[in-house]
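Observations on the model geometry
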Amino acid sequence: MPAVSVDNILALPRIGEVAPDATERPVVSVTTAPTGYEGEGFPVRRAFAGVGLEQLDPFIHMDQMGEVNYPPGEAKGTPWHPHRGFETVTYMIDGTMEHQDSNGGGGIISGGDTQWMTAGGGILHIEAPPEQLVMSGGVFHGVQLWVNLPKSNKLAAPRYQDITGSKVALLSSPDGGALVRVIAGELDGHQGPGSTYTPIALLHATIAPGASVTLPWNREFNALAYVLAGHGLVGSERRAVRHGQLTVFGRGDTITIAAADSHDSRSESLEVFILGGKPIREPIAMAGPFVMNTKAEVMQAFEDFQAGRLGSVPAAYETLE
């Protein structure tokens, strides 16, 4: 699992030891993501399935895309489609994805890169494998997360952030057994590059066999951990988790995640996507690609899309289509 790695983890800044009186967050639930298909037919695991929105807030939806090794000519993406009222975060672990949107944002992201699109008041975008990947085939693996926007920012101007893997903050656990990549938010005083409307933290941790990491966590945030690969244990309860499972933690000061002593040939380590944020606690009305506060606002979004008020497909793409 490539993402961003280092030759010498012990040269990185260390996550500090937690305070003796820190409260460990308990495990509230462990759920298994069902499989499905998205866009033009690429496989996904629905990470948040079966978990209530009140436990996910400010997050709405998350897919693990792949991991799949496409033969030549088979790589798939999504067609042009609209969004309003939230942000999409696409984190590529392995492979390549190209993004373009009606606001002029876009580019190619590959292993360890993140594209952060604020749909805000409305945007059209497309995510597809570059032609070279379609022709050659190859591995495709990533995460797409939907982050809600508060009512005051639902109609914010769209924006696009291209966060290359070289920009993420890299940290080591105190004993060097875990590499933690901070994509957005703050961990133990170390700031990730992603700029957010809603206070959140996004991390990708690689934990070596037999190692564990305890992370200080903002008490105002919820806490979720999704296993991208491998298997291990979560919480002081040491509850078993494996690939494709989401842990919801309760309240407290710290999160503990440990890797199993050995792993199968598919993964050398435990790979975990860890996220949390300050709940917005506002009504949510969702339908298709729109996330608003009321049903009337969702209906207005559909009307605005049909009327062309959410943007238009660039002429170059219309010609190709």
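Described below are features of the structure shown in this document. (Residues numbered from 1 in each chain as written. Predicted model: local features only at pLDDT ≥ 70, side-chain atom pairs only at ≥ 80, totals over all residues. Heavy atoms only, no water.)

The next thing to look at is the sheet that holds strand 5 (residues 78–83). Ordered by their spatial adjacency, four strands build an open sheet running 5-10-7-8, and the pairing between neighbours is antiparallel. For this open sheet the edge positions go to strand 5 and strand 8 (106–110), each flanked by a neighbour on one side alone. Strand-to-strand twist in this sheet, taken as the mean axis angle between neighbours without regard to direction, amounts to 20°. Sheet analysis places strand 7 (residues 96–101) next to strand 10 (residues 123–128), joined by four bridges and oriented antiparallel. Residue pairing in the sheet places Gln100 in a bridge with Ile126 of strand 10. (Pairing = 2+ DSSP bridges. Helix = DSSP H or I, 4+ residues; strand = E, 2+ residues; numbered from the N terminus. Axes fitted to C-alpha atoms, helices over the stretch in contact; angles between N-to-C directions.)

Turning our eyes to something else, we now look at the packing of aromatic side chains. According to the stated counting rule, one finds four aromatic pairs in the structure shown. Taking the centre distance of 6.3 Å and the plane angle of 40° together, the rings of Tyr70 and Phe140 count as tilted. Of the two residues, Tyr70 sits in strand 4 (residues 59–70) while Phe140 sits in strand 11 (residues 138–148), which places them 70 residues apart along the sequence. When the ring of Tyr91 is compared with that of Phe273, the centres are 6.0 Å apart and the planes differ by 25°; the resulting orientation is stacked. Of this pair, Tyr91 sits in strand 6 (residues 86–94) while Phe273 is found in strand 24 (residues 270–277), placing the two residues 182 residues apart along the sequence. Both residues of the pair, Tyr91 and Phe273, count as buried. (Phe/Tyr/Trp six-rings, centres within 6.5 Å; stacked < 30°, edge-to-face > 60°. Buried < 20%, exposed > 50% of the residue type's maximum accessible area, 1.4 Å probe, protein only.)

With burial as the criterion, only one face of strand 20 (residues 231–234) is covered, namely that bearing Gly232 and Val234; the residues His231 and Leu233 on the opposite face remain uncovered. Relative to strand 21 (residues 239–242), strand 20 runs antiparallel, the two sharing four bridges. Within strand 21, the position partnered with Val234 by the bridge is Arg239. The antiparallel pairing of strand 20 with strand 21 creates a hairpin that spans four residues between the two strands, and Gly235 there sits at a positive phi of about 75°. By the bridge criterion, three bridges tie strand 20 to strand 23 (residues 254–259) in an arrangement that is antiparallel.

If you look at the biggest cluster of nonpolar residues, it comprises 33 residues, and the most contacted ones within it are Phe48, Phe59, Met62, Leu145, Leu202 and Leu275. Setting aside chain neighbours within four positions, we find Phe48 in contact with Leu56, Phe59, Ile60, His61, Met62, Leu145, Leu224, Leu246 and Leu275. Ranked by size, the runner-up nonpolar core spans 30 residues in total, among them Ile207, Trp217, Phe249 and Ile255. (Core = buried A, V, L, I, M, F, W, Y, C linked by side-chain atoms within 4.5 Å. Contact = heavy atoms within 4.5 Å.)

Further remarks concern the sheet that holds strand 6. In spatial order, the strands read 2-3-4-11-6-9-12; together these seven strands make up an open sheet with antiparallel pairing. Strands at the two margins of the open sheet, each flanked by one partner only, are strand 2 (35–38) and strand 12 (159–163). Within the sheet, the average angular offset between the axes of one strand and its neighbour, ignoring direction, is 25°. With nine bridges joining them, strand 4 and strand 11 adopt antiparallel strand pairing. Residue Met62 lies in a different strand from strand 11, and its bridge partner there is Leu145.

Another aspect to go through is the pairing of strand 3 (residues 42–46). Looking at chain direction, strand 2 and strand 3 are connected through four bridges and run antiparallel. Bridging across to strand 3, Gly36 finds its partner in Val44. What sits between strand 2 and strand 3 in their antiparallel hairpin is a turn of three residues, with Gly39 showing a positive phi close to 60°. Across three bridges, the pairing between strand 3 and strand 4 is antiparallel. Opposite Arg45, over in strand 4, you have Gln64 as the bridge partner.

For the rest of this paragraph, the subject is the layout of surface pockets. Roughly 350 Å³ of volume is contained in the second largest pocket. Of all elements in the fold, only helix 1 (53–56), strand 19 (223–229) and strand 22 (245–249) reach the threshold of two or more residues within the lining of the second largest pocket. Across the lining of the second largest pocket, the residue classes tally to seven nonpolar, four polar and eight charged. (1 Å grid on protein atoms, 1.4 Å probe; cavity = no way out; pocket = protein on both sides within 12 Å on 5 of 7 lines; lining within 4 Å. Points joined across faces, edges and corners; volume = space filled by probe spheres on them. Nonpolar A, V, L, I, M, F, W, Y, C, P; charged D, E, K, R; others polar.)

What follows is about a nonpolar patch on the surface. Taken together, the side chains of Leu53, Ile284 and Met286 define a hydrophobic patch exposed on the protein surface, amounting to about 220 Å² of accessible area. Assignment of secondary structure puts Leu53 in helix 1. (Patch = residues over 30% accessible without salt bridge, like charges linked within 9 Å, V, L, I, M, F, W, Y side chains within 5 Å. Areas by Shrake-Rupley, 256 points an atom, 1.4 Å probe, with all protein chains shown as cover. Salt bridge = Lys/Arg side-chain N within 4 Å of Asp/Glu carboxyl O.)

Another aspect to go through is the side chain of Thr118. Checked against the element boundaries, Thr118 lands in strand 9 (residues 114–118). We classify Thr118 as buried; its relative accessible area is 0%. At 2.6 Å, the side chain of Thr118 and the side chain of Glu87 are in polar contact. Not counting residues within four places of it along the chain, the set of residues in contact with Thr118 comprises Phe86, Glu87, Leu149, Ala157, Pro158, Arg159 and Tyr197. (Polar contact = N/O pair within 3.5 Å; in protein donor to acceptor, adjacent residues only side chain to side chain.)

Here we come to the environment of Phe140. The class for Phe140 is buried, based on a relative accessible area of 1%. Once the C-alpha coordinates of Phe140 and Val68 are considered, the two residues, 72 residues apart in sequence, prove to be 5.4 Å apart. With near-sequence residues (within four places) excluded, Phe140 lies in contact with Phe42, Met65, Gly66, Glu67, Val68, Tyr70, Met92, Asp94, Thr96 and Met97.

Residue Pro58 is bonded to the preceding Asp57 through a cis peptide linkage, with omega at 20°. Structurally, Pro58 is set in the loop between helix 1 and strand 4. The peptide bond linking Gly66 to Glu67 adopts the cis configuration, its omega dihedral lying at 15°. On the secondary structure map, Glu67 appears in strand 4. Here the phi dihedral of Asp188 falls at roughly 55°; this positive angle occurs in a residue that is not glycine. The topology assignment puts Asp188 in the loop between strand 15 (186–187) and strand 16 (190–191).

Just distances and angles here, no functional claims.
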